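If you want the building blocks of each chain, they are given just below.
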Amino acid sequence: QGVEVQTDYVPLLNSLAMYGWQLTCVLPTPIVKTNREGNLSTKQIVFLQRPSLPQKAKKKESKVNSL
């Protein structure tokens, strides 16, 4: 009661999106800290993923290495 949750992943997600990363899951942890003003903060684990390289690029790379 009377608790307001504030999270702002937008700057993080925007900076990583330009490299193809996408947010898949946010996992809360039991770690809770209190600052001087009495505000609570928690740690969260953020999972990101991006698509793998196309198979064609991998095949070309292996041919170059075998020459």
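Residues numbered from 1 in each chain as written. Predicted model: local features only at pLDDT ≥ 70, side-chain atom pairs only at ≥ 80, totals over all residues. Heavy atoms only, no water.

### Focus on the overall build of the chain
Keep this limit in mind: Only DSSP runs of H or I covering at least 4 residues are called helices, and only runs of E covering at least 2 are called strands; the numbering of each starts at the N terminus. Accessibility here uses a 1.4 Å probe with only protein chains present; expressed as a share of the type maximum, an area under 20% marks a residue as buried, one over 50% as exposed, and anything in between as partly exposed. Only heavy atoms matter for contacts: two residues are in contact if any of them lie within 4.5 Å across the pair.
Counting its secondary structure elements, the chain contains two helices and two strands. Counting helices and strands in the order they occur from the N terminus, the chain gives α-β-β-α. By residue count, 1% of the 67 residues in the chain fall in the buried class. In the chain, the proportion of contacts linking residues at least 24 apart, taken out of those at least 6 apart, comes to 40%.

### Quick word on the environment of leucine 16
Relative to the helices and strands, leucine 16 is located in helix H1 (residues 10–17). Here leucine 16 falls in the partly exposed class, since its relative accessible area comes to 23%. A C-alpha to C-alpha distance of 9.2 Å links leucine 16 and leucine 48, two positions 32 residues apart in sequence. Apart from residues lying up to four places away in sequence, leucine 16 is in contact with Trp21 and Leu48.

### Quick look at the pairing of strand E1 (residues 22–34)
Selection criterion: Criterion used throughout: strands pair if DSSP finds at least two bridges between them.
One ladder, built from nine bridges, connects E1 with strand E2 (residues 40–49); its direction is antiparallel. Note on E2: the bridge partner recorded for valine 26 is valine 46. The antiparallel hairpin formed by E1 and E2 contains five residues in its connecting segment, where glycine 38 sits at a positive phi of about 90°.

### Describing the side chain of threonine 29
Note the following rule: Two N or O atoms form a polar contact when they lie within 3.5 Å of each other; inside protein one atom must be a possible hydrogen donor and the other a possible acceptor, and for residues adjacent in sequence the pair counts only when both atoms belong to side chains.
Along the chain, the position of threonine 29 falls in strand E1. Within polar-contact distance, the side chain of threonine 29 engages the backbone oxygen of lysine 43 at 2.6 Å. Ignoring any residue separated from it by four or fewer positions in sequence, one finds threonine 29 in contact with Lys43, Gln44 and Ile45.

### A look at a nonpolar patch on the surface
Counted only if it meets this: Patch construction takes residues with relative accessible area above 30% that form no salt bridge. Like charges are linked within 9 Å, and nonpolar side chains (Val, Leu, Ile, Met, Phe, Trp, Tyr) are linked within 5 Å. Residue-level accessible areas treat just the shown protein chains as cover; the underlying method is Shrake-Rupley with a 1.4 Å probe. For this analysis, a salt bridge means a side-chain nitrogen from Lys or Arg found within 4 Å of a carboxyl oxygen belonging to Asp or Glu.
On the surface, a nonpolar cluster with roughly 380 Å² of combined accessible area is contributed by Met18, Tyr19 and Trp21. You can see methionine 18 is positioned in the loop between H1 and E1. Using a relative accessible area of 64% as the deciding quantity, one classes methionine 18 as exposed.

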